[in-house]
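Report on the structure
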Amino acid sequence: MTHDVTEPAAAASGHATSDARRTGAVRRAPGGPAGTGSAGPNRRGDDWRKRLEILVFVTPALALIALFVAWPIVTAVRFSVYDWKGFGDLTDFVGLENYAEVLGDEVFRSAVGHNMVIVVGSILLQLPLGVAIALLLNRKMRGQGLLRTIIFVPYVLAEVIAAVVWLQLLQPQYGFIDAVTAQIGLTPPEQGWLGTPEYALWIVLLVLTWKYLGLAVLLFLAGMQGVSEELHEAAQLDGASWWQTQWRITIPLLGPTMRTWAFLSMIGSIQCFDMIWVLTQGGPADATATMATYLIDEGTKRHNYGIAGAASVILFVIAFAMALAYQVLILRRDTQDDTQRYTRAESALFGALSRKRKAA
Amino acid sequence: MSRKTQALAALCAGLMIAATGCGSSGDSGGDDNTIIWWHNSNNDPGKGYYEQVAKDFEKANPGVDVKVQAFAHEDMLTKLDAAFQSGDPEQIPDVYMERGGGELADHVEAGLTKDLSEDASDEIDMIGGSVAGWQVDGKTYALPFSIGVVGFWYNKDLFAKAGITTAPTTMEDFYAAVDKLKAAGIQPVSVGAKDAWPAAHYYYWTAVRECSEDVLTSAVKSLDFSDACFEKAGDDLVDIVAKKPFNNGFLSTGAQEGPTSASGLLATGKVAMELAGHWEPGVMQGITEDKKGLGDKTGWFAFPQIEGGQGDPAAQMGGGDAWAVSEGAPDASVDFVKYLLSTDVQTGFAKNGMGLPTNPDATGALTDPALADLIKVRDSAPYVQLYFDTAFGQSVGGAMNDAIVNVFAGKGSAADIVKATQAAADKEK
Amino acid sequence: MAGVTLDPLAETGNGSGGSLPKRRRAGSGGGNLWVYLIALIVVAITVGPVLYGAMGGFRTNAQLADKPAGLPDPWVWSNYAGVLSNPSFWQYALNSTMIAIITTVVTVVFGLMAAYPLARYQFRGREALFMVFVLGLLFPAAVAIIPLFIIITRNLHMANTWWGVALPQAAFALPMTVVILRPFLMALPKELEEAALIDGAGRISVFWRVLMPLSAPGMITVGVLAFVTSWNAYLLPLLLLQDQMRTLPLGVADFSTEHSADTAGVLAFTTLAMIPALVLFLAFQRRLVSGLQGAVKG
């Protein structure tokens, strides 16, 4: 159960990756892997051999992705320019009509809005909660292992299973939540939490937060393990309180992890489907429809595969644009102030160390 | 680059060979003497009964092998769609259920379903006018084995408790009953609006009351919803919703799964009535622990008459299931479907309360008194309007159902229903 | 290409302490009452719903209907016993296990192989290649589910087989795997590999003999994630598997429609179906954290 194996790796990683990053832009001469003394006189042979090796390593994964991800998606794109009911050959070519229809559909436009609510809401809820819980779990306390274990439980459950359980809990009138609400003297909404269009999306958001908070905590804990003990100890010897230490050292150093997590969370939120499908099927009155429920509804329920194809292409374009924007606006910053941050942290560390030595 | 591509192609091919090598599915759907039969009776007694039916057929037809696969209803629909989309004969069952209407027309157009007009002419004559829902251009593609009608199932005890002595026949009666039930502290009606179709049945019914048979029949063909009766039916629906007769949380209530579904609420005495089809007693029996449902408290009345409506007062709204044979199925499949419609099989079907048989010789075998009454209503109706979402096809029906649920959620008007339906219909033309 | 590289996880240096030895943090005020109080609330909210499911399995339907918020009284074992003595449950469990194992092995081996050159080689188009994997992250499987079904049944004839489900699942898991493993591999010390190379070993044998063992923690991380995802998958198995080939989530759905009256039975079935993934995840939980460390470390 020890994780010592990774410690030297973690220690080296900073340097290794930042090296790669800093030099990445510089065009490298072809040759052996960086710094391994394999750049012999037989450069041509080496080059050829290197390519072959890369091919051998990368091909199985690429072939699987080509076969089971790319091919179906290309097929979906093909559907998107036809009016296809799901049977027989693709004959009724309609050009971009399906796209026009999807974009003109109010339900789809509101679905995009719901996706955005989930994207932003997930980050606003899970980020502070996740950091707080990760800080808590990073403390030495009795039952810490158990606590860490417990927090991951919802994340491991199938969305379908989790949704079935929540459906039971949120049952209007006869469910656990309504029973509790009534007991503390409040009146649950007449239509039930999931049946009231004004609440449904927020309830879904809360359930999603419950389900995925574990992932945030997991990643933040992993990030925190990279923060040196000495930094903390030194800061404490400096008289900083626990909170001050976390605020000044842990949280700033967690920045890249947070940004990475936010990226993953964003991608997940845009694709959100299983949970909503079981909880509300996108209802009531499309109040919780997302792009994914829209396209499944159009496809498998109404057999408008052309429309579904167009919606999936639009979903991808939106996801791609957001990922790109995120990369440009937020993640790039990491690389830019990488050096600066690195130095800052390092000087803080050495400063702290020298003080610690003095204190000792 | 080309080397890379070649290698990739080679690996892909290798992967495919390896993959097919791994395929272990032994049974081939194309076998001449193997009939693959999909049905949705995955509860006993239906499940066991159908297994017995298959065994009997095998015994009478040596050399024929019937593979029975029972699915949960929704799973069956998903898999059937997927099988048809794949166009792979090994995936497509030989004998399966057709709901008729626009969906069947799509299947016929794609050449997926066998024309049974000649081979099963005796059975078609026997069933009579009800096969109309499974005909396309005068040809019959499936044999309905159960056709039911949708009406209000109610709890006699709760009605008595609220002081309602006779079942409502008009809208005024219905509203009066709702008021009495509310006054007695009983939630009047449950509806599983989360699943859309139970809510949509209300609109189908108001339209059947408001529109004449001619208007409805021609709408199915022309997909033209401009007749004023369609919007009038929407206004009726708005009125019903405004009365607030429905259970708390009806927008997030499912149709028939578990004790908190619309059927469950009726079965456990939490509401007084529900608009549902002939399956309701069976569903309620499945949901209650004693397997009795409402038992002898079960009552039924037809959807109330609407004053000034153009519909025939005795007309019914409902639908059913039919056995179809897929194109490319072994010949024995047609014999099997005919066997499924035989008096023997239909009698057992009726005895087990699996539905309302279409073979007239089997109708007497219904043991459930509620169903026995219901079949009389069905057989005396001048016509049974097929569920709109089936009749118009899933694309138009889906749009219509969504617009109807919006009205239930207080987010749409009568005109919106017609508008959304017409918009979806225009795309079909 | 470098300008638009989507490289979210290849986070870089951060002064993670150089070669300083690490000890577990000795918290200052750890153990305060309020800390435990907060922990307790968090625990209640997190596992409450799950416990509700598990406890529901120990109650009768009448108890559930009567008091949705109550505890089992008396405790009923028949729900769980009924599920465990159901041969279908074990058949489904076997299918789930085999599909998850195949998915995991394929994902981990192919993923590690792909991540290796991306981490260790310098070549033109490297970032573009990595981009291909990152792009893969952006596709929800639901988008392509129908074409995928058609390809698997019609073109590959793999419907109703373990491989027919496992290979596409692995394909969809690969982008995440590569994205996690690449920075992990970058973080591994090169010295051992270099020594082996100098000794004349080929790249490929270095990969198997040196890199694989070194990457164990990273492989466990992606392996557990792939296993759990496969174990929980619903839509693809639903379309592809029938009868005796079905997996536990399909069994749960089937059981819950077949026994819709039996909420307690459904809760028992659901609880038992989630246990294996839960146990596996929890057993490897610590390694998971350390495996992710390379990927997200700040």
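Because the structure is a prediction, the values reported are computed rather than measured. (Residues numbered from 1 in each chain as written. Chains lettered and ligands numbered in written order. Predicted model: local features only at pLDDT ≥ 70, side-chain atom pairs only at ≥ 80, totals over all residues. Heavy atoms only, no water.)

1. Regarding the overall build of chain A
We count it as follows: By definition, any uninterrupted DSSP run of H or I lasting at least four residues is a helix, any uninterrupted run of E lasting at least two residues is a strand, and each is numbered from the N terminus. Relative accessibility thresholds used throughout: buried, under 20% of the residue-type maximum; exposed, over 50%; partly exposed, between the two (1.4 Å probe, protein chains only). Working rule for contacts: check all heavy atoms of both residues, and any pair within 4.5 Å makes them a contact. Only the protein chains shown count as cover for residues, and all accessible areas are computed by the Shrake-Rupley method using a 1.4 Å probe.
Across its full length, chain A carries 15 helices and 0 strands. Expressed as a percentage of its 360 residues, the buried residues of chain A come to 60%. Summarising the internal contacts of chain A: among those between residues at least 6 apart in sequence, 68% fall at separations of at least 24. Here chain A has roughly 14,800 Å² of accessible surface; of this, 63% comes from carbon and sulfur atoms.

2. Description of the state of the cysteines
All names here are of chain B. We apply this condition: Two cysteine sulfur atoms form a disulfide, by the criterion used here, when they sit within 2.5 Å.
Across all of its chains, the model carries 1 disulfide over all chains by this definition. Residue pairing for Cys-211: its cysteine sulfur links by disulfide to Cys-229, the two sulfurs lying 2.0 Å apart. When the S-S torsion is 100 degrees, as for the bridge of Cys-211 with Cys-229, the disulfide is right-handed. Of the two residues, Cys-211 is situated in the loop between helix H8 (197-210) and helix H9 (213-222) and Cys-229 in helix H10 (residues 228-242); the sequence distance between them amounts to 18 residues. In this structure, Cys-211 and Cys-229 share a single accessibility class: buried.

3. Some points on helix H8 (residues 197-225) of chain A
Residue and element names in this part refer to chain A. Heads up, the condition is: The span one expects for a helix is its residue count, reduced by one, times 1.5 Å. Two axes are fitted around each residue, one to the seven residues ending there and one to the seven starting there, and the angle between them is reported as the bend at that residue.
Taking 1.5 Å per residue as the helical rise, H8 with its 29 residues ought to reach 42 Å, and the 43 Å between its terminal C-alpha atoms agrees with that figure. Its axis deflected by about 40 degrees at Tyr-212, H8 carries its strongest bend there. Judged by how many residues are buried, H8 sits mostly within the fold: 24 of 29 residues are covered.

4. Re a negative patch on the surface
Residues and elements named next belong to chain B. This is how the line gets drawn: A patch consists of residues whose relative accessible area exceeds 30% and which take part in no salt bridge; residues with like charges are grouped when within 9 Å of each other, and nonpolar side chains (Val, Leu, Ile, Met, Phe, Trp, Tyr) when within 5 Å. By definition, a salt bridge exists where a carboxyl oxygen of Asp or Glu is found within 4 Å of a side-chain nitrogen of Lys or Arg. Working convention for charge: Lys and Arg count positive, Asp and Glu count negative, and His plus the chain ends are omitted. For the purpose of locating charges, the reference atoms are NZ of Lys, CZ of Arg, CG of Asp and CD of Glu.
Taken together, the side chains of Asp-32, Glu-118, Asp-119, Asp-331 and Asp-335 present a region of like negative charge at the surface. Inspection of the secondary structure puts Asp-331 in the loop between strand E11 (316-325) and helix H13 (332-340). On the accessibility criterion, Asp-331 (63% relative accessible area) is exposed.

5. Overview of the side chain of Ser96(C)
Residues and elements named next belong to chain C. With respect to the helices and strands, the residue Ser-96 is situated in helix H4 (residues 87-120). Overall, the relative accessible area of 2% leaves Ser-96 in the buried class. Contacts of Ser-96, omitting those with residues within four sequence positions, involve Trp-231, Thr-247, Leu-248 and Pro-249.

6. Points about the packing of aromatic side chains
Here is the rule: Any two of the Phe, Tyr and Trp rings considered here, Trp counted by its six-membered ring, make a pair once their centres fall within 6.5 Å; the pair's planes then place it as stacked at under 30 degrees, edge-to-face at over 60, or tilted in between. Placement of a positive charge over a ring is assigned whenever Lys NZ or Arg CZ falls within 6 Å of the ring centre and within 35 degrees of the normal to the ring plane.
According to the stated counting rule, one finds 55 aromatic pairs over all chains in the structure shown. Taking 5.8 Å as the distance between ring centres and 40 degrees as the angle between the ring planes, the aromatic pair formed by Trp193(A) and Tyr199(A) counts as tilted. What makes Tyr199(A) partly exposed here is its relative accessible area of 38%. Here the basic side chain of Lys211(A) rests over the ring of Tyr212(A), its NZ or CZ set 4.9 Å away from the ring centre. Taking the ring centre of Phe130(C) as reference, the NZ or CZ of Arg182(C) above it sits at 4.3 Å.

7. Quick word on the pairing of strand E6 (residues 142-149) of chain B
All names here are of chain B. Note the following rule: A pair of strands is labelled paired if DSSP reports no fewer than 2 bridges between them.
Judged by how many residues are buried, E6 sits mostly within the fold: 8 of 8 residues are covered. Bridge count between E6 and E11: 7 bridges; the pairing is antiparallel. By the bridge assignment, Ser-146 is partnered in E11 with Asp-321.

8. Details of the nonpolar core
Heads up, the condition is: Take the buried Ala, Val, Leu, Ile, Met, Phe, Trp, Tyr and Cys residues and link them wherever side-chain atoms come within 4.5 Å; each set so joined is a nonpolar core.
Counting 198 residues, the largest nonpolar core has Leu64(A), Phe68(A), Phe133(C), Leu185(C) and Phe281(C) as its most contacted members. Excluding residues that lie within four positions of it along the chain, Leu185(C) makes contacts with Leu112(C), Ala115(C), Tyr116(C), Ala119(C), Arg120(C), Leu211(C) and Ser215(C). Counting residues in hydrophobic clusters, the runner-up holds 67 residues, among them Ala285(A), Ala219(B), Phe230(B) and Tyr387(B).

9. Points about the interface of chain B and chain A
This is how it is decided: The term buried area means the drop in 1.4 Å probe accessible area that two parts suffer when joined, counted for both and summed. Polar contacts here mean pairs of N or O atoms no more than 3.5 Å apart (in protein, one a potential hydrogen donor and the other a potential acceptor; neighbouring residues in sequence count only if both atoms are side-chain atoms). Each residue gets one label: Ala, Val, Leu, Ile, Met, Phe, Trp, Tyr, Cys and Pro are nonpolar, Asp, Glu, Lys and Arg are charged, and the others, such as Gly, are polar.
Contacts between the two partners involve 37 residues from chain B, matched on the other side by 42 residues from chain A. Where chain B abuts chain A, roughly 3,300 Å² becomes buried across the two surfaces, and 57% of that area is made up of carbon and sulfur atoms. Taken as a group, Gln85(B), Lys194(B) and Asn248(B) account for 16% of the area that chain B buries against chain A, more than any other trio of residues on that side. At the boundary of chain B with chain A, the tally comes to 3 salt bridges. Viewed at the interface, chain A and chain B are joined by 10 residue pairs in polar contact (both at pLDDT 80 or more). Elements with a contribution of two residues or more to the side of chain B that touches chain A: helix H1 (2-22), helix H3 (73-86), helix H4 (101-109), helix H17 (394-408) and helix H18 (414-428) of chain B. With 8 residues, the single largest contributor to the side of chain B that touches chain A is H1(B). Partitioned by chemical class, the residues of the side of chain B that touches chain A number 15 nonpolar, 11 polar and 11 charged.

10. Re the pairing of strand E1 (residues 34-39) of chain B
Residue and element names in this part refer to chain B. Selection rule: Assignment of crossover handedness uses the view with strands pointing away from the viewer, where a clockwise path from the first strand over the helix to the second indicates a right-handed crossover.
Counting buried residues in E1 gives 6 out of 6 residues, a clear majority hidden from the surface. The two faces of E1 match: Thr-34, Ile-36 and Trp-38 on one face and Ile-35, Trp-37 and His-39 on the other face are all buried. Sheet analysis places E1 next to strand E2 (residues 65-70), joined by 6 bridges and oriented parallel. Pairing of Trp-38 across the sheet is with Gln-69, part of E2. Where the polypeptide runs from E1 across helix H2 (residues 46-60) and back to E2, its parallel neighbour, the crossover connection is right-handed.

11. Examining the side chain of Asp286(A)
Mapping Asp286(A) onto the fold places it in the loop between helix H12 (274-279) and helix H13 (291-301). Buried within the structure, Asp286(A) lacks any salt-bridge partner; Arg302(A) is the closest side chain of opposite charge, at an N-O distance of 6.4 Å. Apart from the residues within four sequence positions on either side, Asp286(A) is in contact with Val107(A), Ser110(A), His114(A), Asp402(B) and Asn406(B).

12. Examining the UniProt feature "transmembrane region" (unreviewed entry) in chain A
What counts, and what does not: UniProt positions are given in the numbering used here, feature names are shortened, and annotations may be inferred rather than shown by experiment.
The positions that UniProt labels "transmembrane region" (unreviewed entry) are, in the present scheme, residues 52-74, 116-137, 149-169, 199-222, 261-279 and 305-331 of chain A. Strand forms 0% of residues 52-74 of chain A and helix 100%; the C-alpha atoms that close the span are 28 Å apart.

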